[in-house]
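Analysis of the macromolecular model
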Amino acid sequence: AQSVSQHNHHVILSEAASLELGCNYSYGGTVNLFWYVQYPGQHLQLLLKYFSGDPLVKGIKGFEAEFIKSKFSFNLRKPSVQWSDTAEYFCAVFRIGGTALIFGKGTTLSVSS
Amino acid sequence: DTAVSQTPKYLVTQMGNDKSIKCEQNLGHDTMYWYKQDSKKFLKIMFSYNNKELIINETVPNRFSPKSPDKAHLNLHINSLELGDSAVYFCASRQEGETEAFFGQGTRLTVV
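Described in the following lines is the structure provided in the data block. (Residues numbered from 1 in each chain as written. Chains lettered and ligands numbered in written order. Predicted model: local features only at pLDDT ≥ 70, side-chain atom pairs only at ≥ 80, totals over all residues. Heavy atoms only, no water.)

Turning our attention to the state of the cysteines. Covalent bonding between the sulfur atoms of two cysteines is what defines a disulfide. All names here are of chain B. Going through the model one piece at a time under the given rule, you end up with 2 disulfides over all chains. Disulfide pairing places Cys23 opposite Cys91 at an S-S distance of 1.8 Å. Between Cys23 and Cys91, the S-S torsion sits near -80°, and that sign places the bridge as left-handed. Taken together, the residues span a long stretch of sequence, with Cys23 in strand E3 (residues 19-25) and Cys91 in strand E9 (residues 87-94) at a distance of 68 residues. Here Cys23 matches Cys91 in class, with each residue buried. (Disulfide = S-S within 2.5 Å. Helix = DSSP H or I, 4+ residues; strand = E, 2+ residues; numbered from the N terminus. Buried < 20%, exposed > 50% of the residue type's maximum accessible area, 1.4 Å probe, protein only.)

Okay, here's the thing in structure tokens:
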């Protein structure tokens with residue numbers, strides 16, 4: 001079945017550690033890719049998005065993601081996390097020609113100070 | 001101004017009741033959605049409307065009925081609420097031809 005997979009269910013890091021969250025999708029054809037963040041008790045906010053062009057995209061708050069077409073991946077990275085990055089992170093895919101964003105199951109990031 | 005707004009933000013109700021959640025977007029978008037986020041944080045699409053017409057209806061009990069009076073509004077009515085309906089419901093909108101969706105603040109529904 002077509003899907004979006006996030007490999008890490010729960011990631012625990014200390015402040016200043018580097019972060020990489022994996023995301024893979026199984027859709028063929030052209031896709032647009034997104035990472036959303038949900039801080040505790042809050043709504044979804046867009047971190048970054050990839051449509052075309054440079055496969056390395058930069059988002060807000062120092063986050064970046066790299067699209068690797070051959071691996072159907074769109075991993076999220078941050079060189080140095082902060083306590084305030086504690087949140088749920090969702091990878092989402094919009095298949096061109098489709099009708100809706102499809103989300104991965106999310107990754108809980110806990111950052112200790 | 002809030003782009004996608006939902007009311008209420010919190011809803012606590014008893015089993016068997018009927019309730020509605022309202023969503024309005026002021027972005028001029030053509031397409032609106034309802035997503036359900038369960039206790040494990042999984043976001044699953046429920047419905048999608050494009051210009052007041054239903055275009056996605058995932059496997060959702062028919063106790064859930066979306067209503068779109070105009071393209072700026074998409075309400076969700078739930079009949080005979082069950083414990084398993086407890087979740088956070090997110091409304092979202094998207095402009096036709098674009099792929100980025102904008103989300104509301106969510107409605108936390110608790111059925112007791």
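If you look at the biggest cluster of nonpolar residues, it comprises 29 residues, and the most contacted ones within it are Trp35, Leu48, Phe74, Leu76 and Tyr89 of chain A. Listed by contribution, the elements that provide at least two residues to this core are strand E2 (10-14), strand E3 (19-21), strand E5 (31-38), strand E6 (44-50), strand E8 (64-68), strand E9 (73-78), strand E10 (87-95) and strand E12 (107-112) of chain A. Leu11, Ile21, Tyr49 and Leu76 of chain B belong to the second-largest nonpolar core, a separate cluster that totals 20 residues. (Core = buried A, V, L, I, M, F, W, Y, C linked by side-chain atoms within 4.5 Å.)

With an omega dihedral of -5°, the bond running from Thr7 of chain B to Pro8 of chain B counts as a cis peptide bond. Its place among the elements puts Pro8 of chain B in the loop between strand E1 (4-7) and strand E2 (10-13). Residues other than glycine seldom take positive phi values, yet Ala16 of chain A does so here, at roughly 80°. With a phi close to 50°, Phe72 of chain A is a non-glycine residue in the positive phi region. Along the chain, Phe72 of chain A falls in the loop between E8 and E9.

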